[in-house]
Amino acid sequence: MRFLGNTEAKTDAKGRVFLPAAFRKVLQASGEESLVLCKDLHQPCLVLYPESVWNEQMDALRNRLSRWNATHQQLFRQFVSDVELVTLDGNGRFLIPKRYMAMAQISQSIRFLGMGDTIEIWSEANTQQPFVAANEFGTAIEAIMAQPEGENQ
């Protein structure tokens, strides 16, 4: 499953938005029906996970955490409880709850960014934030790709 590209969109007065058609096609081709919406851990954006990808992430985290460690339990609880299950209506729309719109500083204009196996949703006002400056991009990619595999920092 590969979500690629970026698309501008607008939410309606209720917070509903159309998932871009290209992303809907990827979901349909992979047999996915449900998505999981959550706030990104590091950036002021939202992330849509196909349910199978979310389940893999949740399992990976659960396997690294001990059920017998109070801090680990708190981390896992927060990770799995602060999400919304999302299903598209017949027109390909879904609702972004108001609390999530506030978390990501979304008013009406948004941008969907395909991130491989997930989709990010950014406020149009913050869309420069997730990118490296153009003059640094090539240099950064070159440095990363020059490293032997497995030596990512």
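This is a predicted model, so every value here is computed, not measured.

Scoring rules and cut-offs
Residues numbered from 1 in each chain as written. Predicted model: local features only at pLDDT ≥ 70, side-chain atom pairs only at ≥ 80, totals over all residues. Heavy atoms only, no water. UniProt positions renumbered as here; feature names shortened; annotations may be inferred. Helix = DSSP H or I, 4+ residues; strand = E, 2+ residues; numbered from the N terminus. Buried < 20%, exposed > 50% of the residue type's maximum accessible area, 1.4 Å probe, protein only. Pairing = 2+ DSSP bridges. Lys, Arg positive; Asp, Glu negative; His and termini not counted. Salt bridge = Lys/Arg side-chain N within 4 Å of Asp/Glu carboxyl O. Polar contact = N/O pair within 3.5 Å; in protein donor to acceptor, adjacent residues only side chain to side chain. Contact = heavy atoms within 4.5 Å.

(A) Region of the structure containing the UniProt feature "domain: SpoVT-AbrB" (unreviewed entry) in the protein. The residues that UniProt annotates with the feature "domain: SpoVT-AbrB" (unreviewed entry) are residues 6-53 and 83-126. Measuring from the first to the last C-alpha atom of residues 6-53 gives 20 Å, for a span that is 25% helix and 40% strand. As annotated, residues 83-126 has a helix share of 14% and a strand share of 43%, and its two end C-alpha atoms lie 22 Å apart.

(B) Structural context of the pairing of strand E4 (residues 46-50). The buried fraction of E4 amounts to five of the five residues, a majority that puts the element mostly inside the structure. What you see with E4 is no split at all: Leu 46, Leu 48 and Pro 50 on one side and Val 47 and Tyr 49 on the other are buried throughout. With antiparallel pairing between neighbouring strands as the criterion, strand E3 (residues 34-39) and E4 make up a hairpin whose turn holds six residues. Sheet topology note: the E4/strand E8 (residues 119-123) ladder contains three bridges and is antiparallel. Paired with Val 47 across the two strands is Glu 120, which belongs to E8.

(C) Seen up close, the side chain of Glu 120. Turning to its location among the elements, Glu 120 is positioned in strand E8. Buried and unpaired, Glu 120 has no salt bridge, with Lys 39 as the nearest side chain of opposite charge at 10.0 Å. Polar side-chain contacts of Glu 120 include one of 2.8 Å to the side chain of Trp 122. Once you skip the residues sitting within four places of it in the chain, Glu 120 turns out to touch Asp 40, Cys 45, Leu 46, Val 47, Arg 111, Phe 112, Leu 113 and Met 115.

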